[in-house]
Amino acid sequence: METIGILGSGLIGRSWAMLFAAAGYQVRLFDIEPKQVQGALKEIESQLAELEKTKLLRGTRTAKQQMALISGTTSLKECVAGALMVQECTPEILDIKMKALRDLDAVVQAPTIIASSTSTHMPSILSKDLKNKERFIVAHPVNPPYYVRLVELVPAPYTESWVAVKVRAIMEETGQVPVSLKKEVPGFSLNRIQYVILNEVWRQVADGVLDVTDVDKVMSEGLGPRYAFLGALETAHLNAEGMQSYAERYATTIHSVSSGMGPVPHMQGAVLASVDKQLCDRIPLDKLQERRQWRDAALTKLAVLKKEV
Ligand code: NAD
């Protein structure tokens, strides 16, 4: 049975531990704060039991069998010894991440792969000083990873090609949906697309076209339901008689509308104050946790539906 080490036992480290155990991997959790590991083990146990009760547990093993695959350790060396891969899940603060990766680099041995969960840092920056950098790759999940299955795989220019192939296979085996970037770009893929949407939504509010509640409905009641099942390009292909026909019909309009969209907005000043007020009126800050729970419950139902269709 192969082992995967997890570096950092916070929100994402815990999710990875559950996903890898569901696929039958032995998982070793490490954290610089030993208390975090103990907390993680307790929470994972209760989450697995709850998932089993609600019939949402992944994999073929029982919650108890999956839990038996997960252990904690206070030794980084023990966490990585003989591991197929180590998934780094430390905070998104560059100095902290670089220090954690240096410590990991000092004890890791070939052929163990080093995968980072980073949302924003370029792999070539995170790994530039590592002696094991040819086995470094970003494997960026989306929160909550148990229900939103995308994982962006981003190699540094020197990452050996077998590493990307192997991590893709591990992710597929785990039931996640990997996409393999052929080269690193700032923001990877998901955030670049997300930022384009956010910028245009911002412009529409700033220009007085729609208010905050209505512009969010354009996503949640319009584009979102469609995009839960189809990508933007397949959507275009289906919206005409294929992509060629879509381009013949709409390319000129798309180019002309897009050319007039104006510069990238700054999220600041009076517009920011107004957007913030409208959001807080609808979802006060002390209700954020409640709303997050509602979001996760909705995503769970969507994940079940996606399995059926
Ligand atoms: P978190 O703050 O919940 O957990 C980080 C953990 O790392 C903490 O338990 C901390 O004690 C530990 N840690 C700090 N320094 C360490 C070290 N040197 N060695 C070992 N452990 C150390 O953070 P998170 O939300 O789980 O995020 C982890 C990573 O996942 C980040 O890179 C983040 O960008 C990425 N990510 C987060 C989300 C999200 O929505 N939270 C989504 C995708 C990716």
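Above this note sits the structure.
Report on the accompanying structure.

Some thoughts on the packing of aromatic side chains
Reasoning step 1: Scanning all chains against the criterion turns up four aromatic pairs.
Reasoning step 2: With 6.3 Å between their ring centres and 85° between their planes, F20 and Y25 make a pair best called edge-to-face.
Reasoning step 3: Taking relative accessible area as the criterion, Y25 reaches 5% and is therefore assigned buried.
Reasoning step 4: Residues Y146 and Y147 carry aromatic rings whose centres are separated by 5.5 Å and whose planes lie at 75° to one another, so their mutual orientation is edge-to-face. Like Y147, Y146 is buried.
Reasoning step 5: Taken together, the ring pairs in this structure connect W16, F20 and Y25 into an aromatic cluster.
Reasoning step 6: Positioned above the aromatic ring of Y158, the side-chain terminus of K133 is 4.7 Å from the ring centre.
Reasoning step 7: Taking NZ or CZ as reference, R291 lies 4.0 Å from the ring centre of W294, over its face.

A word on the packing of helix α1 (residues 11-22) against helix α2 (residues 34-53)
Reasoning step 1: At their nearest, the axes of α1 and α2 sit 10 Å apart, and the two run at 50° to each other. Between α1 and α2, the angle is such that the two are oblique. Considering only the axes of α1 and α2, their crossing is right-handed. From α1, R14, A17 and M18 reach across to α2, where they touch Q36, G39, A40, E43, I44, Q47, L48 and L51.
Reasoning step 2: Residue composition of the contact of α1 with α2, by class: six nonpolar, three polar and two charged.

Concerning the site of the ligand
Reasoning step 1: Close to the ligand lie 24 residues, the nearest being D31, Q36, E92, K97 and S119.
Reasoning step 2: At 3.2 Å from an oxygen atom of the ligand is found a main-chain nitrogen or oxygen belonging to L11.
Reasoning step 3: I32 is positioned with one of its backbone polar atoms (N or O) 3.3 Å from a nitrogen atom of the ligand.
Reasoning step 4: For the ligand, whose free accessible area comes to 840 Å², the fraction covered by protein is 79%.
Reasoning step 5: Tallied by class, the residues present in the shell around the ligand amount to ten nonpolar, ten polar and four charged.

Re empty space enclosed by the protein
Vacant regions in the atomic arrangement are exposed by a probe of water-molecule size rolled over the atoms.
Reasoning step 1: Scanning the model with the defined rule gives one cavity of 30 Å³ or more in all.
Reasoning step 2: In this structure, the largest cavity occupies an estimated 50 Å³ of space.
Reasoning step 3: Every residue along the wall of the largest cavity is listed here: M98, L101, R102, L126, K128, D129 and L130.
Reasoning step 4: Broken down by element, the lining of the largest cavity gets its largest block of residues, three residues, from helix α5 (residues 94-107).
Reasoning step 5: Each residue belonging to the lining of the largest cavity can be placed in one class, and the counts come to four nonpolar, no polar and three charged.

Considerations on the layout of surface pockets
Reasoning step 1: One number sums up the size of the second largest pocket: a volume of about 530 Å³.
Reasoning step 2: Lining the second largest pocket are 21 residues, with L11, Q47, P144, Y147 and D296 positioned closest to its centre.
Reasoning step 3: Put simply, the parts of the chain that give the lining of the second largest pocket at least two residues each are α1, α2 and α13 (288-308).
Reasoning step 4: Ranked by residue count, the leading element in the lining of the second largest pocket is α13, at seven residues.
Reasoning step 5: Among the residues forming the lining of the second largest pocket, the class breakdown is eight nonpolar, seven polar and six charged.

As for a nonpolar patch on the surface
Reasoning step 1: Side chains of Y195, L198 and M267 sit close together on the surface and give an oily, nonpolar patch of about 270 Å² of accessible area.
Reasoning step 2: Positionally, Y195 belongs in helix α8 (residues 190-206).
Reasoning step 3: Exposure remark for Y195: the relative accessible area of 40% places this residue in the partly exposed category.

Considering the pattern of salt bridges
Reasoning step 1: Taken as a whole, this structure holds 13 salt bridges when the rule is applied.
Reasoning step 2: In this structure, E92 and K97 form a salt bridge, with 3.9 Å as the shortest nitrogen-oxygen distance.
Reasoning step 3: Judged by relative accessible area, E92 falls into the partly exposed class, the value being 31%.
Reasoning step 4: One salt bridge in this structure joins K217 and D214, with 3.4 Å as the shortest N-O distance. Of this pair, K217 and D214 both sit in helix α9 (residues 212-227), separated by three residues, roughly a single helical turn.

About the criteria used
- Residues numbered from 1 in each chain as written.
- Predicted model: local features only at pLDDT ≥ 70, side-chain atom pairs only at ≥ 80, totals over all residues.
- Heavy atoms only, no water.
- Phe/Tyr/Trp six-rings, centres within 6.5 Å; stacked < 30°, edge-to-face > 60°.
- Buried < 20%, exposed > 50% of the residue type's maximum accessible area, 1.4 Å probe, protein only.
- Lys NZ or Arg CZ within 6 Å of the ring centre and 35° of its normal.
- Axes fitted to C-alpha atoms, helices over the stretch in contact; angles between N-to-C directions.
- Helix = DSSP H or I, 4+ residues; strand = E, 2+ residues; numbered from the N terminus.
- Parallel < 35°, antiparallel > 145°, perpendicular 65-115°, else oblique.
- Left-handed = near helix turned anticlockwise from the far one by under 90°.
- Contact = heavy atoms within 4.5 Å.
- Nonpolar A, V, L, I, M, F, W, Y, C, P; charged D, E, K, R; others polar.
- Near = heavy atom within 4 Å.
- Polar contact = N/O pair within 3.5 Å; in protein donor to acceptor, adjacent residues only side chain to side chain.
- Areas by Shrake-Rupley, 256 points an atom, 1.4 Å probe, with all protein chains shown as cover.
- 1 Å grid on protein atoms, 1.4 Å probe; cavity = no way out; pocket = protein on both sides within 12 Å on 5 of 7 lines; lining within 4 Å.
- Points joined across faces, edges and corners; volume = space filled by probe spheres on them.
- Patch = residues over 30% accessible without salt bridge, like charges linked within 9 Å, V, L, I, M, F, W, Y side chains within 5 Å.
- Salt bridge = Lys/Arg side-chain N within 4 Å of Asp/Glu carboxyl O.

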